[in-house]
Amino acid sequence: MFNMILRRLILFVPMWIAVSVLSFVIVHATPGDPAAGFVGQDTGAEGLAIARARLGLDRPYIEQLGVWVAGSITGDLGNSFFLGRSVADAIIERLPVTFSLGLLALLVAIVVGVPLGIIAALSPNSWKDASTIGLSLTFLSVPEFVVGMLLIYLLGVEWRLFPIGRYEPLSDGLLPWLHHLALPAVALGLSQSALLARMTRASLLQVLEADFIRTARAKGLPERIVVGKHAFRNAIITIITIIGLSMALLLSGAFITETLFQLPGIGSLGVQAVLRRDYPVIQGLLLVASSFVLIVNLLVDVVYRLLNPMVDND
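For every chain, the first residue of its written sequence is number 1, and the numbers climb from 1 along that sequence. The predicted origin of the model limits local features to residues at a pLDDT of at least 70 and limits the giving and counting of side-chain atom pairs to 80 or more, whereas totals for whole chains, interfaces and linings rest on all residues. To get the side-chain values, take all heavy atoms of the structure and skip hydrogens and water.

With respect to the pattern of salt bridges
Here a salt bridge means any side-chain nitrogen of Lys or Arg lying within 4 Å of a carboxyl oxygen belonging to Asp or Glu. All told, the structure shown has seven salt bridges when counted by the stated rule. The partner of Asp129 in a salt bridge is Arg201, and the shortest N-O contact between them spans 2.5 Å. Taken together, the residues Asp129 in helix α6 (residues 127-141) and Arg201 in helix α8 (residues 174-208) connect sequence positions 72 residues apart. A salt bridge links Asp211 to Arg214; the shortest N-O distance between them is 2.2 Å. Of the two residues, Asp211 and Arg214 are both situated in helix α9 (residues 211-218); the distance of three residues between them amounts to about one turn of the helix. Taking the relative accessible area as the measure of exposure, Arg214 reaches 46% and is therefore partly exposed. Comment: elements are numbered from the N terminus, with helices defined as DSSP H or I runs of at least four residues and strands as E runs of at least two. Throughout this description, buried means an accessible area under 20% of the type-specific maximum (1.4 Å probe, protein chains only), exposed means over 50%, and partly exposed covers the range between.

Okay, here's the thing in C-alpha cells:
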C-alpha cells in the first residue's frame, strides 16, 4: 500500500502542472477584461492600459503562464486583483467554512441515503422500494438551490427555527456551529443522499443474488448476519466509490449553496471572483478543487485496500 500511495503522490506533480496550465488557459479564454472592472467601464484606453499594467496583464501571454505555473508549484497563487491580498491566504481563510459544510452535507447524504438503499434492497418491488426510488428521483431532479430556498422560506423565515445568512465557527461552540450550517447542509446533502440510496440499493441487490448469499441462508444463518456481515460487506466497495464521488460533487455544489445562504466559504469567494473576473482567485480555486478531487480519489483507493487487500489499484 505504501508503494501505491507513493506512486500516486509522485503523479500529483505532473497532474498539478497540467491543471495549472488548463485553469490558466480556460480563465484567460473567457470574454471580458478585468482591468475594465478595476477602473470602470467608462475609462478611456489610456486608463485601461495603466490598469492592465498594474495588474500584470500587459505582459506576454507565455510569460504570464510561466509565472503562474511556477508560482502554483511552490504554493504561490498570486495576489487577487480586487481583494488586495494573496489568493492563498483568502482561500485558506475560507476553507474551514466550505469543509464544514461539505462534511455535514456528506453526513446527511450517508445517514439518509445508505439506510434508504438498504431498506429498498431488502424489500424489492414493494412499496418501500417504490417509495425510495420515487424520493431518489425527486431529490435528483430538484436542484439544491430550489431545496435551499424552500428550507429558507419554511424553516428560516416562516417558522424562524434556523438562522439565515450567518455563520458561526466551530470555535464558538458545537451547537451554534451546527445550528447555522444545518439548513445549507441538508439542502446540499439531499441530492447526494438520493444518488447514494440508488447505488446502495443496486449494489446490495446484486450481492444478495450471489451464490454465497444463498449458501449462507441455506446454512440457517440469521438474516441480519447474512445482510450485515456478508452482503453489505461485499457491497460496500461500490458504496465507498459513490461516497468519494459525492465528496467531490459537494465541493462544486457548495458554490451555489454558499451564495444562497451567504456563507463566507470558497464557493461564495468563487462566485464573486467570476463576477469581477478576478483571474488569480478563479485559477487558485480551480487548482484547489482539482487537488481536492485527486486527494479524495487517493483516499478512496486507500480505503479499498483496507477493506479488501486483494483490490489492485496500481
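Once the structure has been displayed, the description carries forward.
Observations regarding the nonpolar core
Counting 30 residues, the largest nonpolar core has Trp68, Leu77, Ile91, Ile266, Leu269, Val281 and Leu285 as the members making the most contacts within it. Where this core is concerned, the elements lending two or more residues are α1 (2-29), α3 (45-55), α4 (61-74), α5 (87-122), α10 (223-261), α11 (266-276) and α12 (279-307). Among all residues touching Val281, those that are not within four sequence positions of it are Ser80, Leu83, Val87, Leu269 and Ala273. Of all hydrophobic cores here, the second largest spans 26 residues; its members include Leu196, Ile243, Ala254 and Phe261. Here, nonpolar core means buried Ala, Val, Leu, Ile, Met, Phe, Trp, Tyr and Cys residues that are tied together by side-chain atoms lying within 4.5 Å of each other. Every residue pair with non-hydrogen atoms within 4.5 Å of one another is taken to be in contact.

Here we look at the packing of α11 against α12
Between α11 and α12, whose axes approach to 8 Å, the crossing angle comes to 140°. It follows from the interaxial angle that α11 and α12 lie oblique. Here α11 and α12 pass one another in a crossing that is left-handed. The residues of α12 that touch α11, namely those facing Ile266, Leu269, Gly270, Ala273 and Val274, are Val281, Ile282 and Leu285. Any residue that is not Ala, Val, Leu, Ile, Met, Phe, Trp, Tyr, Cys, Pro, Asp, Glu, Lys or Arg is counted as polar, Gly included; the first ten are nonpolar and the last four charged. Within the contact of α11 with α12, the residues separate by chemical class into seven nonpolar, one polar and no charged. Each axis is a line fitted through C-alpha atoms, taken for helices only over the stretch in contact, and angles between the N-to-C directions span 0 to 180 degrees. By definition in this entry, angles of less than 35 degrees are roughly parallel, angles greater than 145 are roughly antiparallel, angles of 65 to 115 are roughly perpendicular, and the rest are oblique. Helix crossings get a hand from a simple test, with the near helix turned counterclockwise from the far one by less than a right angle marking a left-handed crossing and a clockwise turn marking a right-handed one.

Quick look at unusual backbone geometry
One non-glycine residue, Asn125, lies in the positive phi region at around 60°. Structurally, Asn125 is set in the loop between α5 and α6. When its relative accessible area of 76% is taken as the criterion, Asn125 is described as exposed. With a phi close to 55°, Gln262 is a non-glycine residue in the positive phi region. Secondary-structure assignment places Gln262 in the loop between α10 and α11. Overall, Gln262 belongs to the exposed group, its relative accessible area being 56%.

Thoughts on the packing of aromatic side chains
Centres within 6.5 Å make a pair out of two Phe, Tyr or Trp rings, where for Trp the six-membered ring is used; the pair is then stacked when the planes are under 30 degrees apart, edge-to-face when over 60, and tilted otherwise. Enumeration according to the criterion identifies three aromatic pairs in this entry. Taking the centre distance of 5.3 Å and the plane angle of 65° together, the rings of Phe24 and Tyr61 count as edge-to-face. Of the two residues, Phe24 is situated in helix α1 and Tyr61 in helix α4; the sequence distance between them amounts to 37 residues. What makes Phe24 buried here is its relative accessible area of 2%. Summarising the aromatic geometry, the rings of Phe99 and Phe292 are spaced 5.7 Å apart at their centres and angled 35° between planes, so their arrangement reads as tilted. Placement of the pair is Phe99 in helix α5 and Phe292 in helix α12, with a sequence separation of 193 residues.

Things to note about empty space enclosed by the protein
Residues are called lining when one of their atoms sits within 4 Å of a cavity or pocket point, these points coming from a 1 Å grid over the protein atoms alone, where a cavity is a set in which a 1.4 Å probe fits but cannot get out and a pocket is an open set with protein on both sides within 12 Å along at least five of seven lines. Grid points are joined across faces, edges and corners, and a volume is the space filled by probe spheres set on the points. A complete count under the given rule lists two cavities of 30 Å³ or more for this structure. Taken together, Ser80, Leu83, Leu269, Gln272, Ala273, Arg276, Asp278 and Val281 make up the lining of the largest cavity. Looking at the lining of the largest cavity, the element that brings in the most residues is α11, giving four residues. By residue class, the composition of the lining of the largest cavity is four nonpolar, two polar and two charged. Here the second largest cavity is characterised by a volume of approximately 40 Å³. Here the lining of the second largest cavity takes five residues from α8, the largest share from any one element. Considered class by class, the residues forming the lining of the second largest cavity number eight nonpolar, three polar and one charged.

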